[in-house]
Structure formats: C-alpha cells, structure tokens
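One letter stands for each residue in the lines below.
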Amino acid sequence: PKIRTAIESFLVKDILLISPIKTENKLNQVLTQLEMPIQKVLTKMEVAGFPVDIQKLHSMIENCVSLQKKLEEHIYKLHGHPFNLTNHAVVAKILKIDKNSEKKVSTAKNVLAKIKSPIAESIMIYRTLAKTISNIQPMTKIVANDRLFGTSFSLTQTGRISMHDPNLQNVTKDFIVNYNDIHGN
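As the structure is a computational prediction, the values presented were derived from the model and not from experiment.

### Points about the overall build of the protein chain
So, step 1. Along the backbone of the protein chain there are seven helices and five strands.
So, step 2. Reading the helices (α) and strands (β) of the protein chain from amino to carboxyl end gives α-α-β-α-α-α-α-β-β-β-β-α.
So, step 3. For the protein chain, the residues scored as buried account for 32% of the 185 residues in total.
So, step 4. In the form shown here, the protein chain has an accessible surface area of approximately 12,700 Å², with 56% of it arising from carbon and sulfur atoms.

Structural data, given as structure tokens:
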C-alpha cells in the first residue's frame, strides 16, 4: 500500500530538524504538540490498516448484487416491462415527473421520496444498493492479510480523520431492504 501520510509526516519532521520554523511560539506549540503527534497516529493507522474479514466482505457484495438483481426484476414487473434504471430521463418519464422551473428533470432522492409509488421507492433502494456496491467492491483490491489498507489518511480542518482511496465516508452505513415487499411474501 502507498504510505503517503507516513512520508509526509517524516518529511515535515526532518524539515523541522534541519531548519526550525520561526513563528510565534503558539503556532510552534500547535505544530509540535498537536499536529505532529496526530501525523504519527495517522501514519500508524495507514501502515497497520484496518482488520477486515475478506470472506464476509465478498459475501456482503454478493448479497447486495443478488438483491439488486431481484429488485430490478421486481421494478420491471411493477412497470410491466424492462427499462433503463440508470437513465434519469427514462425514470422521470415512467414516474411522470415534470420538468422544474429550470427546464430540467430531476430524479434525485428527495424528488422520488415525494412520489407515493412502489416503483419510486424501489428505485431509491436500487440506487442505494448500487452506491453500496460501487463503494465496497474496490475495497477488496486493497485487502492484504485480512487488513484493509487505505492509500491516504488526512486530518480535516474540522478535526475529522478522513481516508482516501477508499473513502470510507462514502460507504452507505445503515439501510433496510424489506425483502418481503420485493417478493410479495
């Protein structure tokens, strides 16, 4: 795995040793007592990775793909025939969504949520599954020895730690798919 944070951290440390920053004492304190210790932690996180059960991860992906296919068939059955679920114009036409004031058709989640239609509800779930699959599948490529290695950790201005490639903040956290609704059981 790439260890960008580790390199940045140690480069900054070495630069500080070679030519100390001449700044106000408070800024130097923030750098040495807060920023650099955080960089060390980020480095350790990046090098150690996160534990992951790759078999469960693959199983979860397979379950999501299977459920997405069943949901797709369910949507087609509700509508009467197949259509392109990823084409916003087609979805808008099927759900009879009018253009907004800017002459654009929106099939965003907030628009679909207002439509009391089983097709609209199912499309929202379909999109959630698609997003989940597209965010999780790439993770399988960066797992080694049951550890997930991100390529870059950083600290945001608000104090949050973010991870890039993969960005774990984009992974769907909790959602419920009522399997019985899809199969009519």
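Past the structure itself, the notes keep going.
### Examining the packing of aromatic side chains
So, step 1. Summed over the entire model, instances satisfying the criterion amount to one aromatic pair.
So, step 2. Centre to centre, the rings of Y76 and F83 are 5.7 Å apart; their planes meet at 70 degrees, and the pair counts as edge-to-face. In terms of burial, Y76 and F83 fall into one category: buried.

### Observations regarding unusual backbone geometry
So, step 1. Even without a glycine there, the phi angle at K96 is positive, about 55 degrees.
So, step 2. Among the structural elements, K96 can be located in the loop between α4 (88–94) and α5 (109–114).
So, step 3. The backbone phi angle of N145 is positive, close to 50 degrees, even though this residue is not glycine.
So, step 4. Note that N145 resides in the loop between β2 (143–144) and β3 (147–148).

### Overview of helix α6 (residues 118–136)
Think of an α-helix as 3.6 residues a turn; residues three or four steps apart then line up on the same face.
So, step 1. For α6, spanning 19 residues, the distance from its first C-alpha to its last is 27 Å, which sits close to the expected 27 Å at 1.5 Å a residue.
So, step 2. All of the buried residues along α6 are I119, A120, S122, I123, M124, Y126, L129, T132, I133, N135 and I136.
So, step 3. The inward-facing, buried residues of α6 abut α3 (54–79), α4 and α5.
So, step 4. Sitting at the amino-terminal end of α6 is S117, which places a side-chain oxygen 3.1 Å from the backbone nitrogen of I119.

### With respect to the sheet that holds strand β1 (residues 50–51)
So, step 1. A sheet is described by the order of its strands in space; here three strands give the open sequence β1-β3-β2, paired in antiparallel fashion. The strands lining the two open edges of the sheet, one partner per strand, are β1 and β2.
So, step 2. In the sheet, β2 pairs with β3 via two bridges, with the strands oriented antiparallel. Its bridge partner being in β3, A144 is matched across the sheet by R147.

### What to know about the confidence of the model for the protein chain
So, step 1. A residue-level look at the protein chain finds 75% of positions with pLDDT of 70 or above and a mean pLDDT of 80.
So, step 2. Across the protein chain, α3 holds the top mean pLDDT of 93, while helix α7 (residues 179–183) sits lowest at 60.

Cut-offs used in this document
- Residues numbered from 1 in each chain as written.
- Predicted model: local features only at pLDDT ≥ 70, side-chain atom pairs only at ≥ 80, totals over all residues.
- Heavy atoms only, no water.
- Helix = DSSP H or I, 4+ residues; strand = E, 2+ residues; numbered from the N terminus.
- Buried < 20%, exposed > 50% of the residue type's maximum accessible area, 1.4 Å probe, protein only.
- Areas by Shrake-Rupley, 256 points an atom, 1.4 Å probe, with all protein chains shown as cover.
- Phe/Tyr/Trp six-rings, centres within 6.5 Å; stacked < 30°, edge-to-face > 60°.
- Expected span 1.5 Å × (residues − 1).
- Contact = heavy atoms within 4.5 Å.
- Polar contact = N/O pair within 3.5 Å; in protein donor to acceptor, adjacent residues only side chain to side chain.
- Pairing = 2+ DSSP bridges.
- pLDDT = per-residue confidence, 0-100.

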